[in-house]
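# Per-entry structural report
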Amino acid sequence: MNPFRLTLATDDLFCNRVAEIDLLMKNMLSGIHTVVYAPRRYGKSSLARVVMGRLEKKMVGVYVDLFSITSNEDVAAKLYRCIVQALGHNAADHSSAMSRIAGFFKNLRLSMSFDPITKNPEISVSLGDVNAVVHIETVIGALDEYCAKQKIKVCLILDEFQEICTLKDSKKIEALLRSGMQAAKHVSFMMLGSRRTILRDMFEDRKRPFYKSAYIMPLPKIPETEMVPFLVRTFKKGGTSLSPEQAQQIVTFCDSYPYYIQKLSMLFFDMKAKGNALSETQELLIAMEAPDYENIFINLTMNQKRLLQAIAKARPINIFSNSFLVEYHLGSQGGVQSSLSKLKKLDLIEQQKDGWKVVDPIFEKWLKT
Ligand SMILES: Nc1ncnc2c1ncn2[C@@H]1O[C@H](COP(=O)(O)OP(=O)(O)O)[C@@H](O)[C@H]1O
Ligand SMILES: [Mg+2]
């Protein structure tokens, strides 16, 4: 059995992050709203789930994934559905819990049925004819009141939080959520996001509603000293041995990206049994990810593509230096400036102490080929 997984990491497939778990638990328990940001596939959702599990006895966890939202109605319905599900799920007596919940969320129409197989309650929520904006304005307040009355605390996780910026009325929605969040006494917010530039702007721009409203926590790399033994251990669990040197090669190739580490390890676990080398598996990983990269690439303008490739190849310290612009035929500074800001906004590139680089390590390798 292959021990690696591409879904959320849990239990012994979740490596380390001890300090982050600790901090998030403390913040949630003391009502300190927190933003966790990191590139996509870095382990945010897994971390949030682990924290939610650890808090289980002290707080009700509500997990809302905003990734696919397309309208205000969507946001309102998702918030409500997840909140009502979580509150109902935690109650000993489901039907009395439902009527109690319905009493607090007055604008909602709730109905409940039981899954014929699992017997779990399935709750459906309808917004009725009340405007979605009104729902968003009142949902957090109603939840807070419910918590006060029931003497419970809620940890509200809003995953891919930056997506609310894509809504038509985003400014208004931001302001409403912000005031709900600020007034809440029994609800701690954990907001996760992968588009770091957008998220940072939301929380660090004076003119925006969320300015300085939350503790900001960039998710660091999982230390190699944890990752390497984790891989050796997990291979062993699957009945195969992996040398620490090869484990280190996997971690280095993936630049400590948890998703790629899981995927490369998963592939190598099978390839190794067939006698293939790690280098062949690395090639295979790049080939398997290629459609995803092609998709990103195809949506860029010619100038953005050129700049992205140049950054992948050169990792420049100074993007605007003449030699870099000339060597890669990047054209005018003004043009490069606008491509740069777009690529940053998409979180495709980032500036580090040692220069500019492509955020995703395997995408970078693909761009260089
Ligand atoms: N702490 C961890 N240890 C090992 N693997 C992890 C860890 N966190 C995440 N992963 C793996 O990384 C991948 C992406 O995780 P996910 O939590 O979905 O990231 P994100 O929400 O940042 O996109 C998954 O395959 C998951 O198994
Ligand atoms: Mg996620």
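Criteria and cut-off values
Residues numbered from 1 in each chain as written. Chains lettered and ligands numbered in written order. Predicted model: local features only at pLDDT ≥ 70, side-chain atom pairs only at ≥ 80, totals over all residues. Near = placed C-beta within 6 Å. Helix = DSSP H or I, 4+ residues; strand = E, 2+ residues; numbered from the N terminus. Nonpolar A, V, L, I, M, F, W, Y, C, P; charged D, E, K, R; others polar. Domains from an automatic or database assignment. Contact = placed C-beta atoms within 7 Å. Core = buried A, V, L, I, M, F, W, Y, C linked by C-beta atoms within 7 Å. Buried ≥ 20, exposed ≤ 12 C-beta atoms within 10 Å, placed from the backbone. Expected span 1.5 Å × (residues − 1). Bend = angle between axes of the 7 residues up to and from the residue. Axes fitted to C-alpha atoms, helices over the stretch in contact; angles between N-to-C directions. Parallel < 35°, antiparallel > 145°, perpendicular 65-115°, else oblique. Left-handed = near helix turned anticlockwise from the far one by under 90°. Pairing = 2+ DSSP bridges.

In the region of ligand 1, 20 residues are neighbours, and C15, G43, S45, S46 and P258 sit closest. Contributions of two or more residues to the shell around ligand 1 are made by α2 (44-55) and α10 (258-273). Residues of the shell around ligand 1, tallied by class, amount to eleven nonpolar, four polar and five charged. Here the shell around ligand 1 spans two domains, and each of domain 1 (17-218) and domain 2 (224-295) adds at least three residues to it.

If you trace the backbone, I250 turns up in helix α9 (residues 244-253). With 51 residues separating them along the chain, I250 and T301 place their C-alpha atoms 33 Å apart. The residues contacting I250, other than those within four sequence positions of it, are L231, I261, L264 and S265.

A few words now on the nonpolar core. Counting residues in hydrophobic clusters, the biggest one holds 102 residues, and the most contacted among them are Y80, L143, V154, I157, M190 and L264. When residues of this core are assigned to their parent elements, the largest contribution, eight residues, is made by helix α3 (residues 72-90). Excluding its chain neighbours within four sequence positions, the residues that come into contact with L143 are I83, V154 and V187.

Turning next to helix α11 (residues 278-298). The end-to-end C-alpha distance of α11, which contains 21 residues, comes to 30 Å, matching closely the 30 Å that a straight helix rising 1.5 Å per residue would cover. A bend of about 45° at A290 is the largest found in α11, and the proline P291 appears one to four places after it. Regarding α11, the residues found buried are T281, Q282 and L285. Among the structural elements, α9, α10 and α15 (361-368) are those in contact with the buried residues of α11.

Moving on, we come to the packing of α10 against α11. Where α10 meets α11, the closest approach of the two axes is 9 Å, and the angle between their N-to-C directions is 130°. One element, α10, and the other, α11, form an angle in the oblique class. Regarding α10 and α11, the two cross each other, and that crossing is right-handed. Residues Y260, K263, L264, L267, F268 and M271 of α10 touch α11, and the partners they reach there are L278, E280, T281, Q282, L284 and L285. The residue inventory of the contact of α10 with α11, partitioned by class, reads eight nonpolar, two polar and two charged.

Right, let's talk about the packing of helix α12 (residues 302-314) against α15 for a bit. Axis separation between α12 and α15 bottoms out at 9 Å; the angle between their running directions is 100°. Between α12 and α15, the angle falls in the class roughly perpendicular. In this structure, α12 uses L308, Q309, A312 and K313 to contact α15, whose residues at the interface are E364, L367 and K368. Of the residues that constitute the contact of α12 with α15, the class distribution is three nonpolar, one polar and three charged.

With seven of seven residues buried, strand β6 (residues 187-193) lies mostly within the body of the structure. Both faces of β6 are covered, namely the face carrying V187, F189, M191 and G193 and the face carrying S188, M190 and L192. Both strand β1 (residues 34-37) and β6 contribute to a ladder of four bridges, which runs parallel. Across the sheet, Y37 pairs through a bridge with G193, a residue of β6. Taken together, the five bridges between strand β5 (residues 154-159) and β6 define a ladder with parallel strand orientation. Looking at β6, one finds that L156 is bridged to F189.

Tracing the backbone through its elements, the reader meets V232 in helix α8 (residues 224-237). Sequence separation between V232 and L79 is 153 residues; the distance between their C-alpha atoms is 41 Å. Setting aside residues up to four positions removed in sequence, V232 forms contacts with L242, P244 and A247.

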